Amino acid sequence: MVDRISTLQIYQSGVNSILQRQAEVARTQQELASGQRIQSPSDDPAGAIRILDIEEDLRQIDQYQRNASLAEGQLALEDNTLGNITNVLQRVRELTVQANNATLTAEQRGNIAVEIEARLDEILALANTRDSNEEFIFAGFQAGSQPFTESGGVVSYAGDDGQRFLDIAEGSQVAVRDAGSRIFLGVPGGNGSFDFSVSGNAGTAVVDEASATNSYVRDDYTITFIQALPTDPVTYEVTDSSAAVVATGNYTAGEPIEFNGAQVVVEGEPVDGDTIEIDGAPSQSIFDTVSGIAAALNGATDDPAGVAEVNNLLASGIYNLDEAIGNVLEVRTDVGARMNRVSAQQSINEDFNLQLQTALSDVQDIDYADAISRLNLQLVALQAAQQTFVTTQRLSLFDYI
Amino acid sequence: MADVLNIGTSALLSLQRAISVTGHNIANVNTEGYSRQQVNFAAVEPTFISVGFLGNGVEIASITRSYNEFLAGDVRDRTSSAAAADTLADLTGRIDGILTNPNTGLAPALDQFFSAVQDVANNPGSLPERQVMIAQGEVLADRFSYLDSQFRTLQTESNVRIDGAVREINALATSIADINDQIAQATQGGASPNDLLDSREQLLTRLSELVGTNTVQQQDGSVNVFIGNGQSLVIGGVATQLTTFQDPNDPTITNVGVSGPAEVDVSALLSGGELGAVLSFRNEVIDAARSQLGLVAVGVAETFNQQQALGMDLNGDPGVDLFSSLSPAIGALATNTGTGSLSATIDDASSLTGDDYVLSFDGTDYTLRNANTGATQVGAGPSFSVDGVTITVSGTPAAGDTFTIAPVREAANLFEVSISDPRQIAAASPLRSNTSLDNAGNGTLTELSVDDAAGLPLAGTVTLTFNPDALGVGVPGYDVAGIAGGPIAYDSATDAAGIDVTLGGFSLRLEGTPAAGDTFTIENNVDGTGDNRNALAMVGLQSERVLLGGTASFQDTYGSLVAGVAVRGGQAAAAAQTEADLLNQSIAARDSANGVNLDEEAANLLRYQQAYQAAAQVIRVADEVFQVLLNATSR
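These numbers come from a predicted model, not from an experiment. (Residues numbered from 1 in each chain as written. Chains lettered and ligands numbered in written order. Predicted model: local features only at pLDDT ≥ 70, side-chain atom pairs only at ≥ 80, totals over all residues.)

Peer 1: Looking at this model, I keep getting lost on the overall build of chain A. Mind explaining?
Peer 2: Helix and strand content of chain A: 7 helices and 14 strands. What you see for chain A is a C-alpha radius of gyration of 41 Å, clearly larger than the 21 Å of a compact globule of 401 residues, by over 25%. For chain A, the proportion of its 401 residues judged to be buried stands at 36%. By sequence separation, contacts in chain A at least 24 residues apart represent 69% of the contacts at least 6 residues apart. (Helix = DSSP H or I, 4+ residues; strand = E, 2+ residues; numbered from the N terminus. Rg over C-alpha atoms; globule rule 2.2 N^0.38 Å. Buried ≥ 20, exposed ≤ 12 C-beta atoms within 10 Å, placed from the backbone. Contact = placed C-beta atoms within 7 Å.)

Here it is, written out as structure tokens:
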């Protein structure tokens, strides 16, 4: 215990404690005014870094949310377009079924062909759909140039297999487009396993049903009808691509011809030498399928063999259309799944955003109740320091001499 | 009677002096560093008379000052520490706030830039997004150079403060030496020159504020003053002068030397006080902060340029550098005599450490030393590779020549966007793959990515055809046409889950069960304006740990810079507070011994006044006694 103290010291310590209280009040005041606990990183280095990290995450989530809504828009556009394409294909299928009737005349078929051709233009326009940035959505990476062009009745694809992805969360990307080649080209043809074609036959054999089991052996086959003498029964012989005979039998209309896991039901009356070609690994362009149907209808004649040929083409066309519609639906289902993923991610992002906001607030915001009571206490202390100063300064022995 | 008068007079005179000393104390109540003086009375030697010794009154034996060498020394030490802590807190506080301020910090600019890259990825064919990305790149460049300029401003300010401190130290040293002389002379007379001593104490305290000092008291009353590591500043009446000069390795740095025949650099030896704090702030905070910031700058520039080179721009050309490439800063010692010069390039941003290096030549071998860790490598050169930097010596250095290499120090300052045409952003990847429409199997080719753009564009289409006998009868694989490297062994039985394959400068992944004759083609991504794969790869750089040997992202590296400065700032602020308290305590301890207390002086005044009145009474009594005698004898 010091038993003496200098006057300067009394003064100085009084002033010091007032200054210190004032600094504390100012600091609390600053915290209250800004609402923030950390005025500069040195106040709490760990907290400051945490704020830096959280703010980065928040800005990233903000961007991911923008990406997600962009992805949502793009997928919605694709979904909508695919829906329209499905509708048009359904309409083409209805027309084809309607035309696949032996009683129709060539003129009536021609009329149906006109509508199918109009639908084909519609599909072509849909396949060349552009988004709000004037990019072709089914062109793969070459989004700047029109992917599908028609020339001389043949639609060709100028795009590629490229698919665009967007980031919707860290390490999570979602495809927002599909290449035209996946949707319109390379679609499994026929019944999915094989296709059939009939041409130049003299008889009226028409394929009624074509199906394959799991044990189907993929190859190109030829069904040849044989009737050496008009009195002989009609028989058939199935040969594979190396001309080996894989099945033979007597032909009965409506009875299935079976070979290597395939089953073909033929109706009508074939004559000797008539053939049905089985294409073992078919793939179709939707455009070719539709234009093929229109061409078949246009080229129809009214003689029985001609009608049979048209009917065969239409039957094959219906199989192809079913596969085409199935393919578009498959892509559309995929798009739908992606839309779900995007909206699920959006809500995850929102949750995360909220969590981060809470965490940020925990680190950076002041506790108002605490800060205000602290301010009051500090004001009292300041007042006390001031009063003490004035009181002690007033005391002097000189006042008494 | 005369004796009584003399006694009274001696008392009056002594008390008058005592009152004037008290007055002097009162007058100096507010004088900084003033030590309370006190009068020591002593009885005048008595006269021997027959019955014994008769007192002869009072005299002033001495006027001493209350001074405690230990307490004063403590105040000086505390003054040094407090000034150092305060200066450090002030300086670090300046950068501390800048680094995390949303308007000036790097983090938001970095995020905004990446956000702009995201937008390009979202819409690779659109020019406005690309324009924004370039603009945000420029904002990032501005932010880098702004932050670096703040550091450099502090560097310049440090130099100014060093100059100022050295000038004041020199003036103080001269004054202390002068006072030493005066004190030595005054002390010869035997009396203590109290006010001179106080003045010197005052100068010493001010000196301690500027730099840490040690003092040694001499017999003749003078003090010898040493600074830093025993460097003498004042010896008796002679003062040594300090000088400032430019660092030979780095002209932006001012060093402190001692003037003399050969200038000696004492910067590293000085500690404490404002000067010590500025020197350590400069060496430990500014350089480290600039290097760390430079590391982020080099990281962004190098990784983006690399990714850009792997991509294809909107014109279909290979990507050119997005940011100008940043060369290491190289310095040659002014004393070098040879003709050797250095060049250095950054090869691998991920291996960079932010450290500085020193290359010295001993006539046969070079020694490359890491200035931060001290690790060395010795070799005949002329090329050295260290931490992602390649250093090449050209010309003929002489023995003893030394060079310094600061790979990333200037990078933040030099960081800039080097393209202006938004079409030049390589958002696309230069290759694309297609699957043949006739493929019967379900094999896939995915994840086509370019590793090295050197072989691009491809001379023609590369075709992969699945062949059950590609590598001999019954050994399946893909025949490769259009590029060397085939055939690729691929057996669906074991590889259907996917294998990664590298062909030429690109890699890809094969999966699934292909059928014989199934083909995939890889071609130049002509007109691939809708491709965003390379832009997505750029986006990925944001969270990828591409720096410090793959342990830190850009944000992490910047975060550790902020943390480093913040921790230092926090420590300095806390230390400043503590040191200020300690200084106040030692001042209190000193002042309670040395300081003037007005009440005490008032009491003394009363005491002396009363004694003075009493002494006056003694003279009056003597006078009256004398008058009585006169009256009795005057008839």
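Peer 1: Hey, could you run me through the pairing of strand β5 (residues 213-217) of chain B in this one?
Peer 2: Successive residues of a regular strand alternate their side chains across the two faces of the sheet. Two strands pair when backbone bridges link them, and β5(B) and strand β6 (residues 223-227) of chain B are joined in this way by 5 bridges, in the antiparallel orientation. When the bridges of β6(B) are listed, Val216(B) appears paired with Asn224(B). (Pairing = 2+ DSSP bridges.)

Peer 1: Where do I start with the interface of chain A and chain B in this structure?
Peer 2: In this complex, chain A contributes 49 residues to the contact, which on the side of chain B involves 56 residues. At the level of secondary structure, the elements contributing two or more residues to the side of chain A that touches chain B comprise α1 (7-34), α2 (45-99) and β3 (165-169) of chain A. If one sorts the elements of the side of chain A that touches chain B by residue count, α2(A) sits on top with 12 residues. Residues of the side of chain A that touches chain B, tallied by class, amount to 19 nonpolar, 18 polar and 12 charged. (Nonpolar A, V, L, I, M, F, W, Y, C, P; charged D, E, K, R; others polar.)

Peer 1: Honestly, unusual backbone geometry in this entry has me stumped. Any pointers?
Peer 2: Only a minority of non-glycine residues have a phi that is not negative, and only a minority of peptide bonds are not trans. Residues and elements named next belong to chain A. Positive phi is not limited to glycine here, since Glu134 has a value of about 65°. With respect to the secondary-structure elements, Glu134 resides in the loop between α3 (106-127) and β1 (148-151). For Asn260, which is not a glycine, the phi torsion comes out positive at approximately 45°. By secondary structure assignment, the location of Asn260 is in the loop between β11 (256-259) and β12 (262-267).

Peer 1: Is there a simple way to think about the packing of helix α2 (residues 69-100) of chain B against helix α10 (residues 554-594) of chain B in this case?
Peer 2: Two quantities define a packed helix pair, namely the angle between the helix axes and the distance between the axes. Residues and elements named next belong to chain B. As a packed pair, α2 and α10 sit with axes 7 Å apart at the nearest point and diverge in direction by 155°. With respect to their mutual orientation, α2 and α10 come out roughly antiparallel. For the element pair α2 and α10, the recorded crossing hand is left-handed. Of the residues belonging to the contact of α2 with α10, the class tally is 23 nonpolar, 7 polar and 7 charged. (Axes fitted to C-alpha atoms, helices over the stretch in contact; angles between N-to-C directions. Parallel < 35°, antiparallel > 145°, perpendicular 65-115°, else oblique. Left-handed = near helix turned anticlockwise from the far one by under 90°.)

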